Amino acid sequence: KTAPTEQQPKQYCILFYKYHPLTSDPAILETYRRATEKLCASLHLTGRILLGLSEDGEGINGTLAGGKLDVEAYVDCMLGREGVGSDEKDDGDVDSDGENFERRNGAIKEFRTESKRFFEKLNVPELIFPSSGDFKWSSCQMNGDENNFESSSDDNSGNNSSWFPDLNIKMVKEIISSGGAFSNITMKDTSKGY
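Residues numbered from 1 in each chain as written. Predicted model: local features only at pLDDT ≥ 70, side-chain atom pairs only at ≥ 80, totals over all residues. Heavy atoms only, no water.

Secondary structure assignment for the protein chain yields three helices and six strands. What you see in the protein chain, going N to C, is helices and strands ordered as β-α-β-β-α-α-β-β-β. Every one of the 194 residues in the protein chain was classed for burial, and the buried ones make up 42%. Considering only residue pairs separated by 6 or more positions, the protein chain has 72% of its internal contacts joining residues 24 or more positions apart. Carbon and sulfur atoms make up 46% of the accessible area of the protein chain, which amounts to about 10800 Å² in all. (Helix = DSSP H or I, 4+ residues; strand = E, 2+ residues; numbered from the N terminus. Buried < 20%, exposed > 50% of the residue type's maximum accessible area, 1.4 Å probe, protein only. Contact = heavy atoms within 4.5 Å. Areas by Shrake-Rupley, 256 points an atom, 1.4 Å probe, with all protein chains shown as cover.)

Structure, rendered in structure tokens:
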């Protein structure tokens, strides 16, 4: 059993989804996937992100976890901000020399540059979330056993282990799949109770 310690960072989780046109070309979308993966890895985030391999607006869907300031940095980046606003500390996030602040800002600036380049190539507006309210936050408190977490919406609680074992960012044709059950249904058919 592993008990939480005061020196380990708390973990926070965000869930997000945004319809947005990307591309149906896997080679082109791979550049955005790699940039997203590099951003998340630089911010020490784990979880999964699905990128819609479609020009029809499948967009992005994700669940990420990490330290509070790293998760906030990801949100700031996806809101179109060029960097984080301060080098404040959160629980367990040692930042006495500004190293984490610089790491976060460097990761955001690099991603913003790659993202702008990607969307200019597609000739569509950049994928920017309009509001921080588009991200659903949660935190988790360790229950004395590293495999037993209690969910909490209280931002003052957390855990000392990541919610996810790794980072998985992949391209998918459908972000939300119906398993083909609705493949022949048109919008006019939905009134029939499907």
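Additional details are given in the paragraphs that follow.
Taking 1.5 Å as the rise per residue, helix α1 (residues 26-42) with 17 residues should run 24 Å; its terminal C-alpha atoms sit 24 Å apart, in good agreement. All buried positions along α1 are accounted for by Ile-28, Leu-29, Glu-30, Tyr-32, Arg-33, Ala-35, Thr-36, Leu-39 and Cys-40. Residues of α1 that are buried sit in contact with β2 (46-52), β3 (60-66), α2 (68-78), α3 (99-122) and β6 (167-172). Sitting at the amino-terminal end of α1 is Asp-25, which places a side-chain oxygen 2.9 Å from the backbone nitrogen of Ala-27. (Expected span 1.5 Å × (residues − 1). Polar contact = N/O pair within 3.5 Å; in protein donor to acceptor, adjacent residues only side chain to side chain.)

The next point concerns the pattern of salt bridges. Overall, the coordinates contain eleven salt bridges when judged by the stated rule. When the shortest N-O distance is used, the salt bridge between Arg-34 and Glu-30 registers 3.7 Å. One end of the pair is Arg-34 and the other is Glu-30, both in helix α1 and four residues apart, which spans about a single turn. Of the charged contacts in the structure, one is a salt bridge between Lys-116 and Glu-82, with a shortest N-O distance of 2.9 Å. Placement of Lys-116 in helix α3 and of Glu-82 in the loop between α2 and α3 is noted, with a sequence separation of 34 residues between them. (Salt bridge = Lys/Arg side-chain N within 4 Å of Asp/Glu carboxyl O.)

With that out of the way, let us pick up the pairing of β2. Of all the seven residues making up β2, six are buried; the element is thus mostly covered by neighbouring parts of the structure. Two elements, β2 and β3, share six bridges in a ladder whose sense is antiparallel. From the neighbouring strand, Leu-50 faces β3, where its bridge partner is Asn-61. Both β2 and β6 contribute to a ladder of six bridges, which runs parallel. Note on β6: the bridge partner recorded for Gly-52 is Val-172. (Pairing = 2+ DSSP bridges.)

What follows is about the packing of aromatic side chains. Using the criterion set out here, one finds ten aromatic pairs in the structure. Pairing Phe-16 with Phe-135 gives two aromatic rings, centres 5.5 Å apart and planes at 50°, and the pair type is tilted. Here Phe-135 lies in the loop between α3 and β4 (136-142) and Phe-16 lies in strand β1 (residues 12-18), a separation of 119 residues in the sequence. The exposure class of Phe-16 is buried, given its relative accessible area of 4%. By relative accessible area, which is 3% here, Phe-135 ends up buried. Among the aromatic residues, those joined into a ring-pair cluster are Phe-16, Tyr-74, Phe-129 and Phe-135. (Phe/Tyr/Trp six-rings, centres within 6.5 Å; stacked < 30°, edge-to-face > 60°.)

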